[in-house]
Amino acid sequence: MHPPSNHTQSRLLYAQSLKFLPGGVNSPVRAFKAVGGKPVFITRSRGAYLYDADGNTYLDYVGSWGPAILGHAHPSVVKKVQNVAARGLSFGACTELELILARSITSAFPSIEKLRLVNSGTEATMSAVRLARAYTGRTRIVKFNGCYHGHGDGFLVKAGSGSATFGVPDSAGVAPRVAQDTISLPFNNAQSVLRTFERKGREIAALIVEPVAGNMGLVLPEPGFLETLREVTRHYQTLLIFDEVITGFRVCFGGAQHLYNITPDLTCLGKIVGGGLPMGAYGGKKEIMELLSPQGPVYQAGTLSGNPLATTAGIENLKILSTSKTVYSKLAATTKAFCEGVKEIAAKREVPLQVTQLGSMFTLFFSKKRITNYREACACNPTMFPRYFRTMLKGGIYLPPSPFETNFVSTAHTKRDVAKTLEAADKAFRLLKRT
Ligand SMILES: *Cc1c(COP(=O)(O)O)cnc(C)c1O
């Protein structure tokens, strides 16, 4: 693999895209605004690698923002999708594939008795909140600063990730009345949750949380935090919604709820569940889910929901993840090897660094102090990450282009890939100290 040298085609395509797409992109973070420089245009991918329009090769840690846990273009997934595609892309009618995927999801998540398939994580979270409001007859929701739950109006209040990157806590165009129903609290602060519920508990329909926060960089729940959320929501008869769009099938097959042994009332899924095609899902207790139309009064529909391609990619991904006994331990070992290595390099190069890791997810925070919430994530060194990112990209390592994101490792990442990444990080840290 040669370091990327030429970006002529990418530059050209970006300049043209700027004329037709706002910011040249279809999702803000892709524009590289938080790191400087211009985006590279990808033409194909395979395993742990991306290939751009100029023929450059990159070792990838974005993994399409999570779905690519088996690496890109996994041969058996691609083959299954191709076969299904040849029989028709979408029918807008019932298929057995939906049933197979529903069985697979419910067997992985005992808290999900019934579920509905949608087309994105955003749809899953928006619909779950509508359902929670219908079930409880209340309107307020509680979320946490720096947690991202898609771009639904009510969630765009201190929403981490893309919006954190741009320093826009509230999006323009969100009606103030809608935002008023959202209470956003500091992650990992159980006291503030308890105080809020003491005052307003009977008005709160749902508390939604990323049980492991992945959109302010990776931030783990402090011991007891998730337990407090479960207890207080149960006490006030508020629904607890786990947004496992990232963590579902990622931290382990049964998601963060299995790992931390907490049973939420509703769960939102996305990313891995569609195996790289547009898909989300939400589900939970039967008595709640049965409020959904056509069984109940809560309306939610989708022309392409549960379409054969996305369900096939999902089914195949889940099949591979559930049948291999070692997949998650191998993913964690690869990731740990990088995280331990990079800590040593940071110490040697005297770069202030905190590394958060869980399974195949990790984030490097350029900070002397451990990161437990969004405020602390925002207080990291503001110039080190963009410089680190750009040096890594020059070295052929494609990282998430924002300090508030999680890196994703796939089963296709090898020990050699880790060594290559560490070598590039060593060089990047050396340059960080030079100015
Ligand atoms: C990505 C993400 C979403 C939104 O999913 P989309 O498919 O991008 O709409 C929601 N919640 C979390 C935790 C996410 O990481």
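These numbers come from a predicted model, not from an experiment.

Draft legend 1. Region of the structure containing the sheet that holds strand E13 (residues 397–398). Strand order in this open sheet of four strands is E1-E2-E3-E13, and the pairing throughout is mixed. One side of each edge strand has no neighbouring strand; the edge strands of this open sheet are strand E1 (42–46) and E13. Inspection of the sheet shows strand E2 (residues 49–52) paired to strand E3 (residues 57–60) by three bridges, in the antiparallel sense. The residue bridging Tyr51 from the neighbouring strand is Thr57, located in E3.

Draft legend 2. Helix H14 (residues 384–394), seen in detail. Burial of H14 is extensive: eight of the 11 residues sit out of reach of the surface. Every buried residue of H14 is accounted for by Met384, Phe385, Pro386, Tyr388, Phe389, Thr391, Met392 and Leu393. Contacts from the buried residues of H14 go to E3, helix H12 (327–349), strand E12 (361–365), E13 and helix H15 (415–434).

Draft legend 3. Up close: the packing of helix H3 (residues 96–108) against helix H11 (residues 308–323). Orientation of H3 relative to H11, taken along the N-to-C sense of each, is 35°, at an axis distance of 9 Å. The two elements H3 and H11 meet at a crossing, and its hand is left-handed. Facing Leu97, Glu98, Ile100, Leu101, Ser104 and Ile105 of H3, the residues of H11 in contact are Pro308, Thr311, Thr312, Gly314, Ile315 and Leu318. Residues that form the contact of H3 with H11 fall into these classes: seven nonpolar, four polar and one charged.

Draft legend 4. Just helix H2 (residues 75–85), in detail. Among the residues making up H2, those that are buried are Val77, Val81 and Val84. The buried residues of H2 all sit within an arc of 65° when viewed along its axis, so they share a single face. Exposed residues pointing more than 90 degrees away from the buried face of H2 are listed as Lys79 and Gln82. Next to the buried residues of H2 lie H3 and H11.

Draft legend 5. How the structure looks around the domain arrangement of the protein chain. Domain assignment breaks the protein chain into domain 1 (8–61 + 335–434) and domain 2 (75–323). Taken together, the 25 residues of domain 1 in the interface contact 25 residues of domain 2. Taken as a group, Leu358, Tyr374 and Phe404 account for 31% of the area that domain 1 buries against domain 2, more than any other trio of residues on that side. Taken together, the connections running from domain 1 to domain 2 amount to one salt bridge. The partner of Glu222 in a salt bridge is Arg370, and the shortest N-O contact between them spans 3.2 Å.

Draft legend 6. Main features of the packing of aromatic side chains. In this structure the tally under the stated criterion is 18 aromatic pairs. Measuring from ring centre to ring centre gives 6.0 Å for Tyr61 and Phe362, while their planes differ by 75°; the resulting arrangement is edge-to-face. Remark: Phe362 occurs in strand E12 and Tyr61 occurs in the loop between E3 and H2; sequence separation between them is 301 residues. In terms of burial, Tyr61 and Phe362 fall into one category: buried. Relative to Tyr236, the ring of Phe197 lies with its centre 5.6 Å away and its plane at 45°, an arrangement referred to as tilted.

Conventions adopted
- Think of each chain on its own: its residues are numbered from 1, step by step along the sequence as written.
- The predicted origin of the model limits local features to residues at a pLDDT of at least 70 and limits the giving and counting of side-chain atom pairs to 80 or more, whereas totals for whole chains, interfaces and linings rest on all residues.
- Calculated side-chain values reflect all of the structure's heavy atoms, with hydrogen atoms and water omitted.
- By definition, two strands form a pair when at least two bridges between them are found by DSSP.
- Helix numbers and strand numbers start at the N terminus; a helix is a DSSP run of H or I with at least 4 residues, a strand a run of E with at least 2.
- Any residue under 20% of the maximum accessible area for its type is buried, any over 50% is exposed, and the rest in between are partly exposed; the area is computed with a 1.4 Å probe on protein chains only.
- Note on contacts: a residue pair is in contact if any heavy atoms of the two residues lie within 4.5 Å.
- Each axis is a line fitted through C-alpha atoms, and for a helix only the stretch in contact is used; angles between axes span 0 to 180 degrees, taken between their N-to-C directions.
- If you view the pair so one helix is near and one far, a crossing is left-handed when the near helix is turned anticlockwise from the far one by less than a right angle, and right-handed when it is turned clockwise.
- Ten residue types, Ala, Val, Leu, Ile, Met, Phe, Trp, Tyr, Cys and Pro, are classed as nonpolar, four, Asp, Glu, Lys and Arg, as charged, and the remainder, Gly among them, as polar.
- Read the arc as the range of directions from the helix axis to the C-beta atoms.
- In this document the domain limits rely on a domain assignment from an automatic tool or a database.
- When two parts are put together, the accessible area they lose, computed with a 1.4 Å probe and summed over both, is reported as buried area.
- Every case where a carboxyl oxygen of Asp or Glu lies within 4 Å of a side-chain nitrogen of Lys or Arg is listed as a salt bridge.
- Pairing of aromatic rings covers Phe, Tyr and the six-membered ring of Trp, with a centre-to-centre limit of 6.5 Å; geometry is then stacked below 30 degrees between planes, edge-to-face above 60, and tilted otherwise.

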